[in-house]
Each structure stands twice: as C-alpha cells, then as structure tokens.
Amino acid sequence: MGMANSDSETVQYVRFQSPHRNRRGRFAGVFGLINKLAREGRLSDDQESFRRINNNWYDAAYTDPSTVNSTVYDDEIHPGAAAWFKPSATHLIARVPGYLEILAAHGVDCRMMRCADPGRVIYEDDVQVVVVPYT
C-alpha cells in the first residue's frame, strides 16, 4: 500500500525541528541545528565526538535523499522541502535524544512534530519522506 491511506490516523510522520524560522525562512531540522553549532565551533570535544559518530551512523543507516535526487532540497524547485521520518523508523528516531540533549545544553530549541500529511511528497523510501509543505 502506498501513500494513499484513508485512515489518516495510522501514519504519523515525525520531524525534529526548530520552532523558529532561519534566515532562509525554513524551520531547520535537528541535524542542521547541530551541524550549525559544530561549524560555529561551539561544541565541546565530547559533543563533537557524539555528533561525528552518530552522523556517520546515520549516513550509513539510511539514504540521503539528495544523493538520489540532487534537486530535492533546491529552494527554487522545491521551496521549503523537509524530511520526515516514517513512524516505522524507530531505529533512526531512537538516536535523536542525544542530539536534543546537546541542543538543549546550548539553549537551542528543537521540537518533535507529528503530522499525518506534512506536505506534497517529492521523495520517499522505506524510512522517510521529503515533502514540500502545503502553502
């Protein structure tokens, strides 16, 4: 069975994102938020080690949609595109709390969002969808 599901309660996609829009007008996701702290040199050695180890684990555990479709995050083609975990991706979601702890330690707000229909699907695999939000 594909995305069409008459019972919207059955599938609740999950995303961890900032409640605040960034300069580009997007709600940055958990990985973008932590990578920004790293680029700014704000992570402790332990936090940076956690980030590197777990980012590498995620890179190995599931597909980066932009490696399948290079335009998936192109703002002109797909404005506001964002990835959401499928609820079945519990093994991926299970590692997120460590990231949230680091963000909280730096005063960076990141919230879990659940939505049955977060937008128009432009990419899908077994663990995630990338959607363009409905306007």
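Use the structure listed above.
About the thresholds
Counting restarts for each chain, with residues numbered from 1 along the sequence as it is written. At least 70 in pLDDT is required for a residue's local features to be given in this predicted model, at least 80 for side-chain atom pairs to be given and counted, and no such filter applies to totals for whole chains, interfaces and linings, which use all residues. Each side-chain value is derived from all of the structure's non-hydrogen atoms; neither hydrogens nor water enter the calculation. Burial classes follow relative accessibility: with a 1.4 Å probe on protein chains only, a residue under 20% of its type's maximum area counts as buried, one over 50% as exposed, and anything between as partly exposed. Numbered from the N terminus, helices here are DSSP runs of H or I no shorter than four residues, and strands are runs of E no shorter than two. Picture the helix axis, draw a direction to every C-beta atom, and the arc is the one those directions span. Every residue pair with non-hydrogen atoms within 4.5 Å of one another is taken to be in contact. When two cysteine sulfur atoms are found within 2.5 Å, that pair is recorded as a disulfide. The nonpolar core is taken to be a set of buried Ala, Val, Leu, Ile, Met, Phe, Trp, Tyr and Cys residues, with the residues joined through side-chain atoms within 4.5 Å.

1. As for helix H1 (residues 30–39)
- Buried within H1 are the following residues: Val30, Leu33, Ile34, Leu37 and Ala38. Buried residues of H1, viewed axially, fall in a sector of 140 degrees; they line one side.
- The inward-facing, buried residues of H1 contact strand E1 (13–21), strand E2 (27–29), helix H2 (45–61) and helix H5 (96–105).
- Of the residues one or two after H1, Gly41 is the one with positive phi, at around 70 degrees.

2. Points about the state of the cysteines
- Per the counting criterion, the structure on display carries 0 disulfides.
- For the unlinked cysteine Cys110, the closest cysteine sulfur is that of Cys115, found at 16 Å.
- The exposure class of Cys110 is buried, given its relative accessible area of 15%.

3. Topic: the nonpolar core
- The biggest cluster of nonpolar side chains holds 21 residues, and the ones touching the most others in it are Phe16, Val30, Tyr58, Phe85, Leu92 and Leu103.
- Mapped by element, the contributors of at least two residues to this core are E1, H1, helix H4 (90–93) and H5.
- Listed in part, the 6 residues of the second largest apolar core include Val72, Ala81, Tyr123 and Val132.

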